[in-house]
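# Structure at a glance
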Amino acid sequence: MQILLTGADGRLGSRLLQSLTARGHTVAGYDIATMDVTDGDAVRARLDDTRPELVIHCAAMTAVDQCAENPDRALLVNGLGTQAVAQACLTHGAAMLYISTNEVFDGRETQPYSEYDRPNPINAYGRSKWVGEQVVRDLVPRHFIVRTAWLFAHGGGNFVHAVLRAAREGRPLRVVTNEISSPTYADDLADAIARLIETGRYGIYHLVNEGQVSRYGFARQALDLAGYGDTPIEPIALAEYQRASQPPQYAALRNFAAAQLGIRLRPWQDALAAFIQAEGLQRA
């Protein structure tokens, strides 16, 4: 399949590029320097050049606190940028896969959200991604919307790295106990997406590693797996953690739709253990 991939230099995009290529697809990957998704003319030009059968849209403003501080920018990139990509897909007759988030939900439920629950975002990041979802659904007849959560990936800059770096440096850890979701390993997500597009079964999917956990429990598991079982964590409530963006308190996702196609991701504990081993993060 001829595929155009936006955000190809990102944590998920770079892994997707590898996974799709390994499965025999022809992938044209673009990063922000080579394709500004907020520039409709540039987006159309790239699709004119590559004539893709499918566009996978990973490029996004994902720093949730920055989105809260600059909601118009978040809406421009995640909303109108997605509109530009979707419009180009419509023009060229290409299918589209859009990466979305668990933060389109308000966190008021007590059991994992399914693909068919109604979004109700409570922060700027979630709202901008929900706008993107609606644009894709309205403009692109053949589309996948893939929601995921708490992504951890190789290359640094994620929650696991932050927790283990603090432990190595002997800094105190204070982690929230009542923010709950589904940690997801980028390698597993990329492989699941590659399998999903080959089914041709368009729709909304939740692709996350199986299970749910609090931020506190996730941090504790990472420490234990990496050999820092003696490192204490001070438990705190979400209300005590001051930040620009307010995340949904409970936003675990249930993979129902993809599971019916035989696409499941392993439990998050197993994925985390594989990630820590691959990164060489175990205590010396």
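This text gives an overview of the structure that appears in the document. (Residues numbered from 1 in each chain as written. Predicted model: local features only at pLDDT ≥ 70, side-chain atom pairs only at ≥ 80, totals over all residues. Heavy atoms only, no water.)

Before going further, it helps to spend a moment on the overall build of the chain. On a plain count of helices and strands, the chain comes out with nine helices and 12 strands. For 284 residues, the compact-globule estimate of 2.2 N^0.38 gives 19 Å, and the chain sits close to it at 19 Å. Here the C-alpha coordinates of the chain stretch approximately 55 × 40 × 35 Å along the principal axes. The buried share of the chain, reckoned over its 284 residues, is 53%. Of the contacts made within the chain by residues no fewer than 6 positions apart, 81% connect residues no fewer than 24 positions apart. Working note: accessible area of the chain is about 12,300 Å², and carbon and sulfur atoms make up 45% of it. Across the chain, the 27 positively charged side chains and the 31 negatively charged ones have centroids separated by 2 Å. (Helix = DSSP H or I, 4+ residues; strand = E, 2+ residues; numbered from the N terminus. Rg over C-alpha atoms; globule rule 2.2 N^0.38 Å. Buried < 20%, exposed > 50% of the residue type's maximum accessible area, 1.4 Å probe, protein only. Contact = heavy atoms within 4.5 Å. Areas by Shrake-Rupley, 256 points an atom, 1.4 Å probe, with all protein chains shown as cover. Lys, Arg positive; Asp, Glu negative; His and termini not counted. Charge placed at Lys NZ, Arg CZ, Asp CG, Glu CD.)

Examined against the element boundaries, Gly 10 turns out to sit in the loop between strand E1 (2-6) and helix H1 (11-22). Separated by 193 residues in the primary sequence, Gly 10 and Gly 203 place their C-alpha atoms 24 Å from one another.

Our focus in this paragraph is the pattern of salt bridges. Overall, the coordinates contain 15 salt bridges when judged by the stated rule. Its salt-bridge partner being Arg 44, residue Asp 41 comes within 2.1 Å of it at the nearest N-O pair. Separated by three residues within a single helix, Asp 41 and Arg 44 lie in helix H2 (residues 40-50), roughly one turn from each other. Look at Arg 44 and you get partly exposed, because its relative accessible area is 37%. One salt bridge connects Glu 210 with Arg 264, and the closest N-O pair in it is separated by 3.9 Å. A residue pair is termed long-range when its members are at least 10 positions apart, and Glu 210 in the loop between strand E10 (203-206) and strand E11 (213-214) and Arg 264 in the loop between strand E12 (234-236) and helix H9 (268-279) qualify at 54 residues. On the basis of relative accessibility, which here comes to 28%, the residue Glu 210 falls in the partly exposed class. (Salt bridge = Lys/Arg side-chain N within 4 Å of Asp/Glu carboxyl O.)

With that out of the way, let us pick up H1. Its 12 residues give H1 an end-to-end C-alpha distance of 17 Å, which sits within 8% of 16 Å, the value for a rise of 1.5 Å per residue. Listing the buried residues of H1 in full gives Leu 12, Gly 13, Arg 15, Leu 16, Ser 19 and Leu 20. Axial view of H1: buried residues confined to an arc of 160 degrees, hence all on one face. Across H1 from its buried face, at more than 90 degrees, point the exposed residues Gln 18 and Ala 22. Those residues of H1 that are buried lie in contact with E1, strand E2 (26-30), strand E3 (54-57), strand E4 (95-101), strand E6 (151-152) and helix H7 (186-197). Just beyond H1, the residue with positive phi is Gly 24, at close to 95 degrees. (Expected span 1.5 Å × (residues − 1). Arc of directions from axis to C-beta.)

Attention now goes to unusual backbone geometry. Of note in this structure, Arg 51 is not a glycine but carries a positive phi near 50 degrees. By the element assignment, Arg 51 lies in the loop between H2 and E3. Positive phi is not limited to glycine here, since Trp 150 has a value of about 45 degrees. Note that Trp 150 resides in the loop between strand E5 (143-148) and E6. Look at Trp 150 and you get buried, because its relative accessible area is 11%.

A separate point is H9. If you check H9, its first and last C-alpha atoms are 16 Å apart, about what 12 residues at 1.5 Å a residue would give, namely 16 Å. Listing the buried residues of H9 in full gives Trp 268, Ala 271, Leu 272, Phe 275 and Ile 276. Down the axis of H9, the buried side of the element spans an arc of 135 degrees, and every buried residue falls inside it. Residues Gln 277 and Ala 278 are exposed on H9 and point more than 90 degrees away from its buried face. The elements touched by buried residues of H9 are E6, helix H6 (159-169), strand E9 (184-185), H7, E11 and helix H8 (215-225).

Note: E1 against E2, five bridges, orientation parallel. Bridge pairing in E2 places Leu 5 opposite Gly 29. Remark: the E1/H1/E2 crossover connection has right-handed handedness. (Pairing = 2+ DSSP bridges. Right-handed = clockwise from strand over helix to strand, strands pointing away.)

A few words now on the pairing of E1. For E1, a buried count of four out of five residues is recorded, marking the element as mostly surrounded by other parts of the structure. Bridge count between E1 and E3: four bridges; the pairing is parallel. Residue pairing across strands places Thr 6 opposite His 57, the latter belonging to E3.

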